[in-house]
Amino acid sequence: ILHRIDVGVVIDLEPGRTEEPALSIAGAVQSQKLAVRAISHLQSLPGGDIKLLCDAVVERVRELTEYDRVMVYKFHEDEHGEVVAESKRPDLEPYIGFHYPSTDIPQASRFLFKQNRVRMIVDCHASPVRVIQDESLLQPLCLVGSTLRAPHGCHAQYMANMGSIASLALAVIINGNEEVGVGGRKSTTLWGLIVGHHTSIRCVPFPLRYACESLMQAFGLQLNMELQLTLQLSEKRVLKTQTLLCDMLLRDSPTGIVTQSPSIMNLVKCDGAALYHQGRYYPIGVTPTEAQIKDIVRWLLTFYGDSTGLSTDSLADAGYPGAATLGDAVCGMAVAYITSRDFLFWFRSHAAKEIKWAGTKQHRQDKDDGFKMHPRYSFKAFLEVVRSRSFPWENAEMDAIHSLQLILRDSFRDGDGGNSKPCVEAQVGDLELHEMDELSSVAREMIRLIETATAPIFAVGVDGLINGWNAKVAELTGLSIEEAMGKSFFRDIVHKESEEIAGKLMFHALKGEEEKNVELKLRTFGTETSKNAAFVVVNACSSKDYTNDVVGVCFVGQDVTDQKVVMDKFINIQGDYKAILHSPSPLIPPIFASDVNTCCYEWNAAMENLTGWSRGDIIGKILIGEIFGNCCRLKGLDAITKFMIVL
């Protein structure tokens, strides 16, 4: 097994046991077939269930590798790990739900997993062998990519302490949060690991490991899609709630966002929320008393006065002296400063979380002494009960709060003496003008909200004109936000081929009938985009005002332009290719084709005439062994060898 390093090529010579079926040509092909079957199974699973996906992948990997235990090990935001799925031998102790400290997999190891995505340890008790290198080499050889690299002594002892002799670790890589990483490529994130443990010595042959790596690539893509789907659904829900809150704010006093439905409690998951406005307190749900909230406001202005807000899952840990008097009812708090005297609060109650650690979280029996790293000795379940603490505030929740904070800041302004008042300039006199101003203002707020979304989102009014256009759809079409606003959706934006579909979609959405997964072809503009058209799969969401009347349609989409272009090219090429391939003309030579698993998927008429074997008899068979060497004999072993090399 070869890989290149800075000074040459490293060749790992793994033991090749003749009885190992995976090391034969047919066995290697069978390994890939099993991987393809496993990938097909993952892709056939219903969407929206990450737990089901993880459960399926551990079963498939265990079938491929035959390890005693296979786990999905997920990294949390604080970098500690958790076993979220497991397939094991019935007599082994379960690890599902166990949490592991972040120090168990150091940052250096995590970095290496992004470079070398499959790591096998055959026997943790095996004695390491020293590598002898040419004295002319100035630096020690880099063995990061070596399949035979010995584990660090600390890790080998860690495995032994856990009762595992052999292991296999497969990196689960997903797209990162940033659009572009180093060198112009998309950044990637190590989401977690698929880890196999075996209680005896076990070597997984290279073809099987390669098949597992293919399965991990498919699993990573599937998982990334599920995570993106979850994020988009959350963004859509938040966007809808924020739009309704904006509408309330514009037609009513600010107190409407806590006294009516939906309220700010619908924005994020919480037990209570409150508005502190002009010295008055408007609570909803489980909240502190008015005296307590005034004390919290004084504390915030004293210690966090320069901030735009605060979020904590423990007011005691944040340093609030009155946390004990609040009890378990109010432990976590998120606050957004609107002005110097106006605040929005969200509260969470005590969540008695029980975390099962695999061994004590904090201390090890044998600490590092500066010369040698020592592993943990105990993996006995250790139950940590987290008290006086709420569930933490997630990044997406804080983004939603921050967006609402920006909207409210535009609607409030500091007056004389620090007093604040709503900045709604509409006049009561002209009701029609008032409603027009309301809708226009809501539209402006929607544009600001959808601007930050990662998916292409645009909004269309009842008049068919664009009134919302985010950065993503601007990037796809080459039409800036300023240029898009006010353009006709049907005449200027939608491609002629999609006009009828878009019209039906809009017609149904304006009647309140929302449709999903509809493909639209959009026009592109300017020189910045190299594509003639942009393709998006959209969900149509009816936008309603406070009287529940539909006032427009919001389209939340997914960019499928690249997939569409590739598919169209493929269809065109496929048509030409099939016409030539299946032509009965004597000028067409014998042609057969192999898929990635070396199975035959084409066998033309000239090939049928040459061999006497029909297409139906041959399709699906393995080229080496089943077809050539069985159905069709080749001239001598040299011919088979040369054919295998070419293949």
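Keep in mind it's a predicted model, so treat the numbers as computed, not measured.

Caption draft 1: View of the overall build of the chain. Helix and strand counts for the chain come out as 18 helices and 24 strands. Looking at the chain residue by residue over its 647 residues, the buried ones come to 43%. For the chain, long-range pairs separated by at least 24 residues make up 57% of all intrachain contacts whose partners lie at least 6 apart in sequence. On the chain, roughly 35000 Å² of surface is accessible, and the fraction owed to carbon and sulfur atoms is 54%.

Caption draft 2: Region of the structure containing the environment of P283. Residue placement: P283 occurs in strand β10 (residues 280-285). Judged by relative accessible area, P283 falls into the partly exposed class, the value being 42%. Distance from P283 to W346, taken between C-alpha atoms, is 9.8 Å for residues 63 residues apart in sequence.

Caption draft 3: Representation of a nonpolar patch on the surface within the structure. Side chains of L2, V9, I11 and L13 sit close together on the surface and give an oily, nonpolar patch of about 440 Å² of accessible area. Note on V9: relative accessible area 43%, which makes it partly exposed.

Caption draft 4: Region of the structure containing empty space enclosed by the protein. Here the structure, examined in full by the defined rule, presents one cavity of 30 Å³ or more. Space inside the largest cavity adds up to approximately 50 Å³. Surrounding the largest cavity, L42, L45, P46, G47, D49, L52, L53, Q222 and E226 form its lining. Along the lines of polarity and charge, the residues of the lining of the largest cavity split into five nonpolar, two polar and two charged.

Caption draft 5: Quick peek at the pairing of strand β9 (residues 272-277). Among the six residues that make up β9, six are buried, leaving the element largely enclosed by the rest of the structure. Here β9 shows no split at all, with G272, A274 and Y276 on one side and A273, L275 and H277 on the other all buried. Here six bridges tie β9 to β10, and the two strands are oriented antiparallel to one another. Bridge pairing in β10 places A274 opposite P283. Counting the residues that bridge the hairpin from β9 to β10 gives two residues, and of these Q278 lies at a positive phi of roughly 55°. Relative to strand β13 (residues 343-348), β9 runs antiparallel, the two sharing five bridges. Its bridge partner lying in β13, A273 is registered against W346.

Caption draft 6: Broad picture of the pattern of salt bridges. Going through the model one piece at a time under the given rule, you end up with 18 salt bridges. Of the charged contacts in the structure, one is a salt bridge between D55 and K51, with a shortest N-O distance of 2.8 Å. Of this pair, D55 and K51 both sit in helix α2 (residues 50-65), four residues apart, which is roughly one turn of that helix. By relative accessible area, D55 is classed as partly exposed at 28%. For E497, the salt bridge is made with K521, and the minimal N-O distance between the two is 3.0 Å. Here K521 lies in strand β20 (residues 518-523) and E497 lies in the loop between α13 (489-493) and α14 (499-510), a separation of 24 residues in the sequence. The class for K521 is buried, based on a relative accessible area of 13%. Here the salt bridges do not stand alone but share partners, grouping D68, R89 and D91 into one network.

Caption draft 7: Quick look at helix α7 (residues 290-303). With 14 residues, α7 extends 20 Å from end C-alpha to end C-alpha; this agrees with the ideal 20 Å at 1.5 Å per step. All of the buried residues along α7 are I293, I296, V297, W299 and L300. Projection of α7 onto a plane perpendicular to its axis shows the buried side chains occupying an angular sector of 165°, all on one side. Facing away from the buried side of α7, by more than 90 degrees, are the exposed residues A291, R298 and T302. Summarising the contacts, the buried residues of α7 are in contact with β9, β10, β11 (309-312), α8 (323-326), β12 (332-337) and β13.

Caption draft 8: Inspection of a negative patch on the surface at higher detail. Taken together, the side chains of E77, D78, E79 and E394 make up a negatively charged region of the molecular surface. Looking at the secondary structure, you find E79 in the loop between β3 (69-75) and β4 (81-88).

Caption draft 9: Main features of the sheet that holds β9. As summarised here, the arrangement of the five strands in space is β10-β9-β13-β12-β11, forming an open sheet in which the pairing is antiparallel. Among the strands making up the open sheet, the edge pair consists of β10 and β11. Sheet twist, expressed as the mean angle between neighbouring strand axes with direction ignored, is 15°. Against the sheet, α7 engages β9, β10, β11, β12 and β13, with an angle of about 110° to β13.

Definitions and cut-offs
Residues numbered from 1 in each chain as written. Predicted model: local features only at pLDDT ≥ 70, side-chain atom pairs only at ≥ 80, totals over all residues. Heavy atoms only, no water. Helix = DSSP H or I, 4+ residues; strand = E, 2+ residues; numbered from the N terminus. Buried < 20%, exposed > 50% of the residue type's maximum accessible area, 1.4 Å probe, protein only. Contact = heavy atoms within 4.5 Å. Areas by Shrake-Rupley, 256 points an atom, 1.4 Å probe, with all protein chains shown as cover. Patch = residues over 30% accessible without salt bridge, like charges linked within 9 Å, V, L, I, M, F, W, Y side chains within 5 Å. Salt bridge = Lys/Arg side-chain N within 4 Å of Asp/Glu carboxyl O. 1 Å grid on protein atoms, 1.4 Å probe; cavity = no way out; pocket = protein on both sides within 12 Å on 5 of 7 lines; lining within 4 Å. Points joined across faces, edges and corners; volume = space filled by probe spheres on them. Nonpolar A, V, L, I, M, F, W, Y, C, P; charged D, E, K, R; others polar. Pairing = 2+ DSSP bridges. Expected span 1.5 Å × (residues − 1). Arc of directions from axis to C-beta. Lys, Arg positive; Asp, Glu negative; His and termini not counted. Charge placed at Lys NZ, Arg CZ, Asp CG, Glu CD. Axes fitted to C-alpha atoms, helices over the stretch in contact; angles between N-to-C directions.

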